[in-house]
Structure formats: structure tokens, C-alpha cells
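So you can see what is in the structure, the chains are spelled out below.
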Amino acid sequence: MKLDESTIEKRLLRFPDWEFHNSAIHAEFEFDNFKDCFSAMSRIAFECEALNHHPDWSNVYNVLRISLSTHDEGGVTQKDFDLVAAIEAI
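A brief report on the enclosed structure follows. (Residues numbered from 1 in each chain as written. Predicted model: local features only at pLDDT ≥ 70, side-chain atom pairs only at ≥ 80, totals over all residues. Heavy atoms only, no water.)

### Here's the deal with helix 2 (residues 34–51)
Counted only if it meets this: Helix numbers and strand numbers start at the N terminus; a helix is a DSSP run of H or I with at least 4 residues, a strand a run of E with at least 2. Helix span, as expected, comes to 1.5 Å for every residue beyond the first. Each residue gets one of three labels from its accessible area relative to the maximum for its type: buried under 20%, exposed over 50%, partly exposed in between, using a 1.4 Å probe on protein chains only. The directions from the helix axis to the C-beta atoms are what the arc is built from. In this analysis, two residues are considered to be in contact whenever any of their non-hydrogen atoms come within 4.5 Å of each other. Pairs of N or O atoms are called polar contacts if they sit within 3.5 Å, as long as, within protein, a hydrogen donor faces a hydrogen acceptor (for residues adjacent in sequence, only side-chain-to-side-chain pairs).
For helix 2, spanning 18 residues, the distance from its first C-alpha to its last is 26 Å, which sits close to the expected 26 Å at 1.5 Å a residue. Of the positions making up helix 2, those classed as buried are Cys 37, Ala 40, Met 41, Ile 44 and Cys 48. Projection of helix 2 onto a plane perpendicular to its axis shows the buried side chains occupying an angular sector of 105°, all on one side. In this structure, helix 2 carries Lys 35, Phe 46, Glu 49 and Ala 50 as exposed residues pointing more than 90 degrees from its buried face. Its buried side turned inward, helix 2 meets strand 3 (56–60), strand 4 (63–68) and helix 3 (78–89). Where helix 2 begins, one side-chain oxygen reaches toward the backbone nitrogen of Lys 35, 3.2 Å away; that side chain belongs to Asn 33. Of the residues flanking the end of helix 2, it is Asn 52, one or two places downstream, whose phi is positive at about 50°.

Geometric descriptors of this kind do not, in isolation, establish any biological role.
Here it is, written out as C-alpha cells:
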């Protein structure tokens, strides 16, 4: 079920690196080098598969940008926050 904006903003208080706009939650992470960034992406990929939920993401050298929304629901859902928690744990 798609979450309303106020619920999303409250939940994001637990995740200060993330912000909500354009019907998705977004974060950008900077690493020391490309290898560390790609390593984190690989670890995140396993979590995505386990949760059967996949981000829109991009990587340029040492920067990883992630956007999450549940396309079937047309916005942010609990699945997105489950993946945010897994990403933050990594």
C-alpha cells in the first residue's frame, strides 16, 4: 500500500541520508574509490534479491545514487523502507 507524504517524512527521520521527492525516496553515498562503491552495490544487490525489490540507481566513480519507489503502487511503500533499512545496515 502506497504511503502518504506525512508518513514517509516521519519514517525518514530515522534515515537522515534519505529524502523524499518526485514520488520516491533518494540518497547519495560517496565512497573512497570505485572499488568500495562497487563492493557496496554488490552487497546491496543481494539484499534487493532477497527482498525482491530493486532500486533505480546509478554509479559514477565513487558516488552511488539510489532512488526507491514501488512501481506497482505508484509511490513509496513499506517495501521501500525495508530496503532502506537493509542498505543502511550495509
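After that view of the structure, there is still more to cover.
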